[in-house]
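Read off the chains here:
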Amino acid sequence: MKKSHPYQRIRMDSGHHRRILGMMALLGVLAFVPVILRLYRLMVADYDYYSNMALKNQSRSTAVTAHRGIIYDRNMNILAASRSVENIYLNPRELKQSKADLDALAQTLGQILDKDPQWIREKAVDTRLRYQQIAAGVEEEVAGVVRQYINENGVSGIHLEPGSRRYYPYGSLASQVIGFTNASNVGSEGIEAAYNSFLQGSSGRVVTTKGNNEMDMPFSYENYVAAQEGCSVVLTLDIDLQKKVEDTMAYVIPNLPSQEAEGGACVVLDVNTAEVLSCASYPTYSLIDFQEDYDAISTDPLSPMLNRALQGVYPPGSTFKMVTGIAGLEEGVVPPLTEIWDSGR
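Right, let's walk through the structure included here. (Residues numbered from 1 in each chain as written. Predicted model: local features only at pLDDT ≥ 70, side-chain atom pairs only at ≥ 80, totals over all residues. Heavy atoms only, no water.)

This part is about the packing of helix α4 (residues 102-113) against helix α5 (residues 117-125). Packed helix pairs are characterised by how far apart their axes lie and by the angle those axes make with each other. Contact geometry for α4 and α5: axes closest at 8 Å, N-to-C directions at 130°. With respect to each other, α4 and α5 are oriented oblique. Considering the relative orientation of α4 and α5, their crossing is right-handed. Contacts from Leu102, Asp103, Leu105, Ala106, Gln107, Leu109 and Gly110 in α4 reach Pro117, Ile120, Arg121, Ala124 and Val125 in α5. Split into classes, the residues belonging to the contact of α4 with α5 amount to eight nonpolar, two polar and two charged. (Axes fitted to C-alpha atoms, helices over the stretch in contact; angles between N-to-C directions. Helix = DSSP H or I, 4+ residues; strand = E, 2+ residues; numbered from the N terminus. Parallel < 35°, antiparallel > 145°, perpendicular 65-115°, else oblique. Left-handed = near helix turned anticlockwise from the far one by under 90°. Contact = heavy atoms within 4.5 Å. Nonpolar A, V, L, I, M, F, W, Y, C, P; charged D, E, K, R; others polar.)

This is the structure:
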């Protein structure tokens, strides 16, 4: 009987072991494939998305409102300009973390800002939103008092954001022409709306780092991007002439014998250039504190916001005679020297 070689079994076992080790290595690699693919997606494919998410969690960005451009008349008198104001916010989470005395805070801010302390306290404990606005368009003097309170008492959770507010030195003069801005400082009527893209400018930004408790980190990174002011606009209006026209209309129209004369309009043009020197509409309204008086002005039955020179509807009257006259000449219906007597009846 033939004997098997003693090393034959060893060679067969070694090949079998190698196959087992190879299979285990392959299964190990396959097991890590989902992990590798997941890491590739997180670190390569979606890197920008998660990088921005991390940056938002680690930084606080505060907008810096740009001043709108100035509106001038033809003699460079300022008809509309902007001044710096502040918006005041509470961060309820930060107030909670710093264990601020909310009763004292509400009472003090209520007195400074002329707000209901109970309403301020409700805002201070409402953690559903990161920021709760308690005042907008606060003048710098009042904002300085709030800032002094923060510094003297070491309060964390009250934030002041720089803003801009429109003001109109001439009040009601040419108000329908100049127009106004809304609460977001965007032009809503008149020149403010028509040239908003030029006047608005570009907002700036202040970026700082923050901790996991939403509080600013001491000695941390800060980046400031300056706001770009809007372009200015120069009108052909003469504000002095505009005042004379509006004063005359305000005196004459209410004293007319007709009860139907509730308003009127007057436009003065330069006969050489056709520039509009005055565009007046009566009645008018004041642009000073306009937003606070908006409800009363917008519901006034005399419609003071209506620019009757541009938006009023009038019968054509004698201006239509030019149309019929030219049509008659073009069609040869009447000769050029034809005279027509109109008795006015």
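Let us look at unusual backbone geometry. Here the amide bond leading from Tyr282 into Pro283 is cis, since omega sits at 0°, within 30 degrees of zero. In this structure, Ala174 takes a positive phi of about 55° despite not being glycine. Structurally, the position occupied by Ala174 is in the loop between β5 (158-167) and α7 (175-178). With a relative accessible area of 0%, Ala174 lands in the buried category. Residues other than glycine seldom take positive phi values, yet Ala274 does so here, at roughly 65°. Residue position: Ala274 is located in the loop between β9 (264-269) and β10 (276-282). (Buried < 20%, exposed > 50% of the residue type's maximum accessible area, 1.4 Å probe, protein only.)

Among the 13 residues of strand β3 (residues 78-90), 10 are classified as buried, and the element is accordingly described as predominantly covered. Examined bridge by bridge, strand β2 (residues 71-72) and β3 share two bridges and lie antiparallel to one another. In the sheet register, Ile71 faces β3, and the bridge partner there is Ala80. Across 10 bridges, β3 lies against β5 in antiparallel orientation. The partner of Asn87 across the bridge, within β5, is Glu161. Taken together, the five bridges between β3 and strand β4 (residues 132-139) define a ladder with antiparallel strand orientation. Each residue of the ladder has a partner; that of Val85, found in β4, is Glu139. (Pairing = 2+ DSSP bridges.)

This brings us to the packing of aromatic side chains. The description of an aromatic ring pair uses the distance of the two centres, along with the angle that the planes make with each other. On inspection of all chains with the given rule, the structure shows five aromatic pairs. Ring geometry for Phe180 versus Phe290: centroids 4.1 Å apart, planes at 40°, classification tilted. Remark: Phe290 occurs in the loop between β10 and α11 (294-298) and Phe180 occurs in the loop between α7 and α8 (190-194); sequence separation between them is 110 residues. By relative accessible area, Phe180 is classed as buried at 8%. Measuring from ring centre to ring centre gives 5.4 Å for Tyr285 and Phe290, while their planes differ by 40°; the resulting arrangement is tilted. This pair shows no difference in class: Tyr285 is buried, exactly as Phe290 is. (Phe/Tyr/Trp six-rings, centres within 6.5 Å; stacked < 30°, edge-to-face > 60°.)

Quick reminder: α-helices carry 3.6 residues per turn. Residues three or four places apart thus point the same way. The end-to-end C-alpha distance of α4, which contains 12 residues, comes to 16 Å, matching closely the 16 Å that a straight helix rising 1.5 Å per residue would cover. For α4, the set of buried residues is Leu102, Leu105, Ala106, Leu109, Gly110 and Leu113. Across the axial projection of α4, the buried residues extend over an arc of 125°, all falling on one side. Considering only its buried residues, α4 is in contact with β3, α3 (92-97), α5, β4, α6 (140-153) and β5. For α4, the side-chain oxygen to backbone nitrogen distance between the N-cap and Asp103 is 3.3 Å, and the N-cap itself is Asp101. Looking one or two residues past α4, Asp114 carries a phi angle of roughly 60°, positive in sign. (Expected span 1.5 Å × (residues − 1). Arc of directions from axis to C-beta. Polar contact = N/O pair within 3.5 Å; in protein donor to acceptor, adjacent residues only side chain to side chain.)

Turning to the pattern of salt bridges, a few remarks are in order. Enumeration over the complete set of coordinates arrives at eight salt bridges. A salt bridge links Asp103 to Arg121, with the nearest nitrogen and oxygen atoms 2.6 Å apart. Of this pair, Asp103 sits in helix α4 while Arg121 sits in helix α5, placing them 18 residues apart in sequence. What makes Arg121 partly exposed here is its relative accessible area of 29%. The partner of Arg128 in a salt bridge is Asp126, and the shortest N-O contact between them spans 2.9 Å. (Salt bridge = Lys/Arg side-chain N within 4 Å of Asp/Glu carboxyl O.)

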